[in-house]
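As a plain string of letters, each chain reads:
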Amino acid sequence: SIRRTAALLVLSSTLGGSLARAFSSQPATAHISSLVTPNVILDKSRAEANTKRMLERSGRLETTLRPHVKTHKTVEGALMQTMGQRSTITCSTLAEAEFFAAAGFTDIVYAVPIDPFKLERAAKLAEHVHVTIDNVQQLDELISYGPPSPGTKWSVVIMA
C-alpha cells in the first residue's frame, strides 16, 4: 500500500476530462493497484517548488518557460506548471491542443511539425495555437492552404 508522508496529488490523465484529488498525510487505505489508469502520482509540494524554481529562473534569464503537458495531459498539471496561468504551454498532439484550448489555454505550441493532412484541424485552433515546421515543403503547404480563417494568419515556429 502507499504510505503518504507528504501531500500527493493524483491526476487522472484523460483528455476527455480531468480529476485531481489531493491526498492528506493520513496513512493510505487503498493499494496503488486500485487506482484507475492512466494516472500521474506526484509529490505536490515538490512539484510546486520545482515549478516555482523553473519560473523564477526563466524570469532571471528573461525568457518564457513553456512547459510540456504531454505526460500528465491534465488541466490541473498545466495550471501547476504555469502557476495558474492558462497560457504558454507545449503539446505533442492536436488532441492535446484542442483539449487545452477548450479549457481556456492560449499561447499553445504544437511542437510536432505540421502534417498537411492536419491543417484543417490546426486552422480551427489558430487563435490559440502556434504550429511548427521544419522544412520548406511544410511552409509551402501552409501557404497553399491559405489563412486559417478570414482575417487571421498562421503563427509559425520554425524548428531548426
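Quantities reported herein were computed from a predicted structural model and do not represent experimental measurements.

1. Structural notes on helix H1 (residues 44-60)
Taking 1.5 Å of rise per residue, the 17 residues of H1 would be expected to cover 24 Å, and the 24 Å separating its terminal C-alpha atoms lies within 8% of that figure. Within H1, burial applies to Ala47, Thr51 and Ser58. All buried residues of H1 fall inside an arc of 35° around its axis, so they share one side. Seen from the open side of H1, the exposed residues pointing more than 90 degrees away from its buried face are Arg46 and Arg60.

2. Concerning the pairing of strand E6 (residues 129-133)
A regular strand places its side chains so that they alternate between the two faces of the sheet. Counting buried positions along E6 yields five of five residues, so the element is predominantly enclosed. Burial along E6 is two-sided: Val129, Val131 and Ile133 and His130 and Thr132, pointing in opposite directions, are all buried. A crossover connection joins strand E5 (residues 106-113) to the parallel E6 through helix H4 (residues 119-124); in handedness this β-α-β unit is right-handed. Judged from the three bridges that link them, E6 and strand E7 (residues 156-158) form a sheet pairing that is parallel. Bridged to Thr132 within E7 is Val157. As for the winding sense of the linkage, the β-α-β connection from E6 through helix H5 (residues 136-145) to E7 is right-handed.

3. Some remarks on the side chain of Thr51
Secondary-structure assignment places Thr51 in helix H1. Once residues lying within four places of it in the same chain are set aside, the contact partners of Thr51 are Met80, Gln81 and Met83.

4. Observations concerning the environment of Arg86
Mapped onto the elements, Arg86 comes out in the loop between helix H2 (75-81) and strand E4 (87-91). Given the relative accessible area of 36%, Arg86 is considered partly exposed. As for Arg86 and Thr106, which are separated by 20 residues in sequence, their C-alpha atoms are 6.3 Å apart. Among residues more than four places away in sequence, those in contact with Arg86 are Val75, Leu79, Ala103, Gly104, Phe105 and Thr106. A distance of 2.5 Å separates a polar atom in the side chain of Arg86 from the backbone oxygen of Ala103.

5. Quick notes on the pattern of salt bridges
Close approach of charged atoms allows side chains of opposite charge to pair. Enumeration according to the criterion identifies three salt bridges in this entry. Close ionic contact of Glu96 with Lys73 constitutes a salt bridge, the shortest N to O distance being 3.4 Å. Within this pair, whereas Glu96 is found in helix H3 (residues 94-102), its partner Lys73 is found in the loop between H1 and H2, the two being separated by 23 residues in sequence. With a relative accessible area of 23%, Lys73 lands in the partly exposed category. Linking Arg121 and Glu98 is a salt bridge whose minimum nitrogen-to-oxygen distance equals 2.9 Å. In this pair, Arg121 is assigned in helix H4 and Glu98 in helix H3, connecting sequence segments 23 residues apart.

Basis of the calculations
- Residues numbered from 1 in each chain as written.
- Predicted model: local features only at pLDDT ≥ 70, side-chain atom pairs only at ≥ 80, totals over all residues.
- Heavy atoms only, no water.
- Helix = DSSP H or I, 4+ residues; strand = E, 2+ residues; numbered from the N terminus.
- Expected span 1.5 Å × (residues − 1).
- Buried < 20%, exposed > 50% of the residue type's maximum accessible area, 1.4 Å probe, protein only.
- Arc of directions from axis to C-beta.
- Right-handed = clockwise from strand over helix to strand, strands pointing away.
- Pairing = 2+ DSSP bridges.
- Contact = heavy atoms within 4.5 Å.
- Polar contact = N/O pair within 3.5 Å; in protein donor to acceptor, adjacent residues only side chain to side chain.
- Salt bridge = Lys/Arg side-chain N within 4 Å of Asp/Glu carboxyl O.

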